[in-house]
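Structure at a glance
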Amino acid sequence: WILGEAAFCSYTIVLSIVSAYCFNLTGGSVCPASFIHGGTNAWSKIGAMAAAYNATHWPIDLREVVLLVFMVPILIFAGPRLGLRPDADGIDPTSA
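Figured I'd write up the structure that's included with this text. Nothing here was measured: the structure is a model prediction, and the numbers come from that model. (Residues numbered from 1 in each chain as written. Predicted model: local features only at pLDDT ≥ 70, side-chain atom pairs only at ≥ 80, totals over all residues. Heavy atoms only, no water.)

1. A closer look at the side chain of Thr-40
Residue position: Thr-40 is located in helix 2 (residues 31-45). Polar contacts involving the side chain of Thr-40 include one to the main-chain carbonyl oxygen of His-37, which spans 2.8 Å. Apart from the residues lying within four places of it in its own chain, the contact partners of Thr-40 are Tyr-11, Leu-15, Arg-63 and Leu-67. (Helix = DSSP H or I, 4+ residues; strand = E, 2+ residues; numbered from the N terminus. Polar contact = N/O pair within 3.5 Å; in protein donor to acceptor, adjacent residues only side chain to side chain. Contact = heavy atoms within 4.5 Å.)

2. Section: the packing of helix 1 (residues 2-25) against helix 2
Between helix 1 and helix 2, whose axes approach to 8 Å, the crossing angle comes to 150°. Here helix 1 is positioned roughly antiparallel relative to helix 2, judged by the angle of their axes. Considering the relative orientation of helix 1 and helix 2, their crossing is right-handed. Contacts between helix 1 and helix 2 pair Tyr-11, Leu-15, Val-18, Ser-19 and Cys-22 from the former with Pro-32, Ala-33, Ile-36, His-37 and Thr-40 from the latter. The residue makeup of the contact of helix 1 with helix 2, split by class, is seven nonpolar, three polar and no charged. (Axes fitted to C-alpha atoms, helices over the stretch in contact; angles between N-to-C directions. Parallel < 35°, antiparallel > 145°, perpendicular 65-115°, else oblique. Left-handed = near helix turned anticlockwise from the far one by under 90°. Nonpolar A, V, L, I, M, F, W, Y, C, P; charged D, E, K, R; others polar.)

Next comes the structure, spelled out in structure tokens:
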């Protein structure tokens, strides 16, 4: 049970980072974040996740692997400006 909960927590963190970046990148539009969230939900509902898990027995969700491929470059290139919208000029994210 605890491994399942830990996997779900890590998945929600990865999904949140990718969705928030797309939200900020589009100037505050929720459409990209909704499509990302809906896409991962649809993928799990059509049985693709069950088939992939049964075939591989990976300890990590395949959706999370796909999102990690996007999250790593986002964290590298966005850096401290990850949580800021592009129109947030004049705000220094390094000052605390």
